[in-house]
Amino acid sequence: MAKKKNNSKKSMGKIYHKKTEIDGIIFDSQTESEYYEYLKQLKKDKKIKDFTMQDPFVLQEKFLLVDGKRIEESDKDFKKLQRANPGCTIADISDFMVYHNDGTIQVVDVKGKKTVDFKLKEKMFNYKYPQYNKLYCVVKYNGQWLEYDEANKLKRNKKKSK
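Residues numbered from 1 in each chain as written. Predicted model: local features only at pLDDT ≥ 70, side-chain atom pairs only at ≥ 80, totals over all residues. Heavy atoms only, no water.

**Q** Would you mind going over the overall build of the protein with me for this structure?
**A** What the protein contains, in helices and strands, is four helices and 12 strands. As displayed, the protein offers around 11200 Å² of accessible surface, 50% of which is attributable to carbon and sulfur atoms. (Helix = DSSP H or I, 4+ residues; strand = E, 2+ residues; numbered from the N terminus. Areas by Shrake-Rupley, 256 points an atom, 1.4 Å probe, with all protein chains shown as cover.)

As structure tokens, this is what we get:
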């Protein structure tokens, strides 16, 4: 079994995550490290072909607004202006890309819930990368990994039946 090591808590707004290390890889949260273990088992059982981690996706190309003027990355002064105006790219890094045996690829973000930021990035991702079908948000519910909307539906049905 892989060695787990919990480090300090990382604050992301009101949400706190415990950095966790498995197989020499430091994950942003314990939940993300648990999903990594889950994918390793699926690969070992040949239920998936493979998976990768931290694949970058550009959601919007770089540009700067300087004195009300939009400057594109192709502009000759862009690099110089970028140093003075950092943070000009909207990019996202997927937690995992899952390569299924049938040839489909799933881009996965592991979350406890869909945040406002995630919903915006999800919309941008789904528009820019239609070849991946959609950006999947997965959560652990009753010991199973489910897509967020599916887990929420089960929670609502459970609540109604009480």
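The structure having been displayed, the exposition proceeds.
**Q** Honestly, helix α3 (residues 116-128) in this entry has me stumped. Any pointers?
**A** Its 13 residues place the ends of α3 19 Å apart at the C-alpha level, agreeing with the 18 Å of an ideal helix rising 1.5 Å per residue. Of the residues making up α3, those classed as buried are Phe-118, Glu-122, Met-124 and Phe-125. (Expected span 1.5 Å × (residues − 1). Buried < 20%, exposed > 50% of the residue type's maximum accessible area, 1.4 Å probe, protein only.)

**Q** Any chance you could explain the packing of aromatic side chains here in plain terms?
**A** Given two aromatic rings, one states the distance between the centres and the angle between the planes to describe the pair. Here the structure, examined in full by the defined rule, presents 13 aromatic pairs. For the ring pair Tyr-35 and Tyr-38, a centre distance of 5.6 Å and an interplane angle of 40° mean the geometry is tilted. Residue Tyr-35 and its partner Tyr-38 are both found in helix α1 (residues 30-44); the two are separated by three residues, about one turn of the helix. What makes Tyr-38 partly exposed here is its relative accessible area of 33%. Pairing Tyr-36 with Phe-51 gives two aromatic rings, centres 5.9 Å apart and planes at 80°, and the pair type is edge-to-face. Placement of the pair is Tyr-36 in helix α1 and Phe-51 in strand β4 (residues 50-53), with a sequence separation of 15 residues. Phe-51 matches Tyr-36 in its accessibility class, with the two residues each being buried. When the ring centre of Phe-63 is taken as origin, the NZ or CZ atom of Arg-70, which lies over that ring, is 4.7 Å away. (Phe/Tyr/Trp six-rings, centres within 6.5 Å; stacked < 30°, edge-to-face > 60°. Lys NZ or Arg CZ within 6 Å of the ring centre and 35° of its normal.)

**Q** In this structure, what is going on with the pattern of salt bridges? I would like to understand it.
**A** Side chains that differ in sign of charge can pair as their charged atoms come close. This structure, assessed with the given rule, holds 11 salt bridges. For Glu-72, the salt bridge is made with Arg-70, and the minimal N-O distance between the two is 2.7 Å. The shortest N-O distance in the salt bridge between Lys-114 and Glu-122 comes to 3.3 Å. This pair shows no difference in class: Lys-114 is buried, exactly as Glu-122 is. Here the salt bridges share partners, and the residues they tie into one network are Asp-23, Glu-37 and Lys-40. (Salt bridge = Lys/Arg side-chain N within 4 Å of Asp/Glu carboxyl O.)

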